[in-house]
Structure formats: C-alpha cells, structure tokens
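Overview (structure and organization)
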Amino acid sequence: MKRIVIILMSLMLTLPILAQYGRPMRRPQPRPSAPSLTHRPQQYYSRAHHAPTNTYYGLRVGLSLSSVNSDDAYLDGSGMASGVNVGFVAGFQLAPSTPVYFETGLGYIEKGGRGNYQGSKFTYDLNYLEVPLLLKYDYEASRDVFVQPFIGGYLSAGVGGKVKDFGHRQAVSSFDDEFFKRFDGGLRFGCGMEFSHLYLEVAYDLGLSNICHDTFSTSRNSCLLLNCGVNF
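Throughout what follows, the structure given in this document is the object of discussion.

What counts and how
- Residues numbered from 1 in each chain as written.
- Predicted model: local features only at pLDDT ≥ 70, side-chain atom pairs only at ≥ 80, totals over all residues.
- Heavy atoms only, no water.
- Salt bridge = Lys/Arg side-chain N within 4 Å of Asp/Glu carboxyl O.
- Helix = DSSP H or I, 4+ residues; strand = E, 2+ residues; numbered from the N terminus.
- Buried < 20%, exposed > 50% of the residue type's maximum accessible area, 1.4 Å probe, protein only.
- Phe/Tyr/Trp six-rings, centres within 6.5 Å; stacked < 30°, edge-to-face > 60°.
- Patch = residues over 30% accessible without salt bridge, like charges linked within 9 Å, V, L, I, M, F, W, Y side chains within 5 Å.
- Areas by Shrake-Rupley, 256 points an atom, 1.4 Å probe, with all protein chains shown as cover.
- Core = buried A, V, L, I, M, F, W, Y, C linked by side-chain atoms within 4.5 Å.
- Contact = heavy atoms within 4.5 Å.

What follows deals with the pattern of salt bridges. Once the charged atoms of two side chains with opposite charge are near each other, the side chains can pair. Applying the stated criterion across every chain, the model contains five salt bridges. Ionic pairing is found between Glu103 and Lys136, a salt bridge with its closest N-O pair at 3.2 Å. Of this pair, Glu103 sits in strand E3 (residues 98–117) while Lys136 sits in strand E4 (residues 120–137), and the two are 33 residues apart along the sequence. Lys136 matches Glu103 in its accessibility class, with the two residues each being buried. The residue Lys111 makes a salt bridge to Asp205 at a minimum N-O spacing of 3.2 Å. With Lys111 in strand E3 and Asp205 in strand E10 (residues 198–207), this pair connects stretches of sequence that are 94 residues apart. Taken as a pair, Lys111 and Asp205 share a single burial class, namely buried.

Right under this line is the structure:
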C-alpha cells in the first residue's frame, strides 16, 4: 500500500506542472460573412484549448479498486484489492457538428482480489496492458469546465502478477494454467470532468470474459477507477 501511495502522490504533484505546457486557451471563431436574414452562426463544439483538428492527447494516473468474482471457491477473490493504473490516451472528434469523441490509448493497470479457501488467505494480482475503446460526450458546463460522460469497452492482455497462498506460504504466476487466462475484455462506463488542462475521472470496468481455464466455472474482473490527468 505504501508503494501505491508514493507513486500516486509523485505523479499527482507533476500533473499541474505538465498542464502549464499545454496549448493556450483559444476558442475558434467563425469566419465573418455578409449579413443575411436566414444566416445562422456556425456551431463550434471543439474545446477551447484543443487544436483546430479537434484531436486531444492526455496522460492518466490513478487508483484501481478491483475484485475477481468466481463461482469456483478456489479462484474467488471477491475481496477488494487496490492497485495503480497509468496510461496515455488520444481522442478524436467523430464529426465537426457533434461533440462526440472516440477515445483510445494504452495503459498499465493492476487488478486482482482477495479471498479465503479452506482457511488459507489468498491474494490474486492480475496486471494488464489495457486498451480502452470509448465514446465520450463533451458537454460545456461553463467557459472552462467540460463534463464528459462516456461508455465503451476495454481489451486487456495479462503481463504479470502472482497468486499468493498465505496458508502454505507459496506464490505462483497468476497466469499459470491452473489459474487465469491472459486475455480479458468488458464494458467501461463513467464520467470525466475537464478544467483547463486538468482532468478528473471516475470509471467502472465490468468484465465480460471468463478469465479462468475451467470450462465449467466462470471468473470475471470488476474494477473501480479513480483517475486524474492532463489533456493537451
């Protein structure tokens, strides 16, 4: 837990510094045209500090609170485990006339859970490289504040982690054939808020893939994400 706190505090202290080097706040203006009774001003949905191409890039870091829910008592890690997540994202406006963005990227996330089997305490650490695939609606709440509800999914590939059996003092790879598959995928939904270049986000991952090897049992990830970051 100390490692998680140190990482989060270090990164959160650097984010405001990075935000100072983003693009200047400049809202695009429509070109002047001859007055007309039927003329209506063109709507602009790009955010004030984003490039005219309506593309943005961002850094994210935060806390992950996760569990592994399984109908196999040996694999059930329904107790919550904490970890970190960090990543890079890019967003692209789908059409000039609508404030809807497609966001993707690449991140590292620590998931897992805690359980108890036949009197032995178990922890399941599942570390992934993860690709989000999100649709975000960009609502301008005020001149500098944007609220961004989103929904979509994620795809993950396991890159490490340990299953620890405290009763027998043993630890093995989480992605051993006896435990979990490396691939995971599911739904992600939540809401973000952007102020100037700073960004805050609450999201939830609902795993849809069966990550255990047993055909007759199911194990799925679930994870609450509390993130902060910067957009450029």
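There is more to say, and it comes next.
Turning next to unusual backbone geometry. Residues other than glycine seldom take positive phi values, yet Gln118 does so here, at roughly 50°. With respect to the helices and strands, the residue Gln118 is situated in the loop between E3 and E4. At Ser196, a position not held by glycine, the phi torsion is positive, near 55°. Overall, the relative accessible area of 25% leaves Ser196 in the partly exposed class.

A separate point is the packing of aromatic side chains. In total, this model carries ten aromatic pairs according to the counting rule given. Judged by centre distance (5.6 Å) and plane angle (55°), the rings of Tyr56 and Tyr101 are tilted. Here Tyr101 lies in strand E3 and Tyr56 lies in strand E1 (residues 55–70), a separation of 45 residues in the sequence. Looking at Tyr56, the relative accessible area reads 1%, which means it is buried. The buried category is assigned to Tyr101, whose relative accessible area is 1%. Taken together through their ring pairs, the aromatic side chains of Tyr74, Tyr117, Phe122, Tyr124, Phe179 and Phe180 make up a single cluster.

For the rest of this paragraph, the subject is a nonpolar patch on the surface. Side chains of Ile151, Leu187, Phe189, Leu206 and Leu208 sit close together on the surface and give an oily, nonpolar patch of about 440 Å² of accessible area. Assignment of secondary structure puts Ile151 in strand E6 (residues 145–160).

Before going further, it helps to examine the nonpolar core. Core analysis: the biggest nonpolar cluster contains 19 residues, and Leu126, Tyr128, Val163, Phe180 and Ile211 have the highest contact counts within it. Going through the elements one at a time, E4, E10 and strand E11 (219–231) are the ones with two or more residues in this core. In terms of residues, this core owes the most to one element, E4, which gives five residues. When near neighbours in sequence (up to four residues on either side) are disregarded, Phe180 contacts Val68, Leu75, Tyr124, Leu126, Val163, Ser174, Phe175, Ile211, His213 and Ser219.

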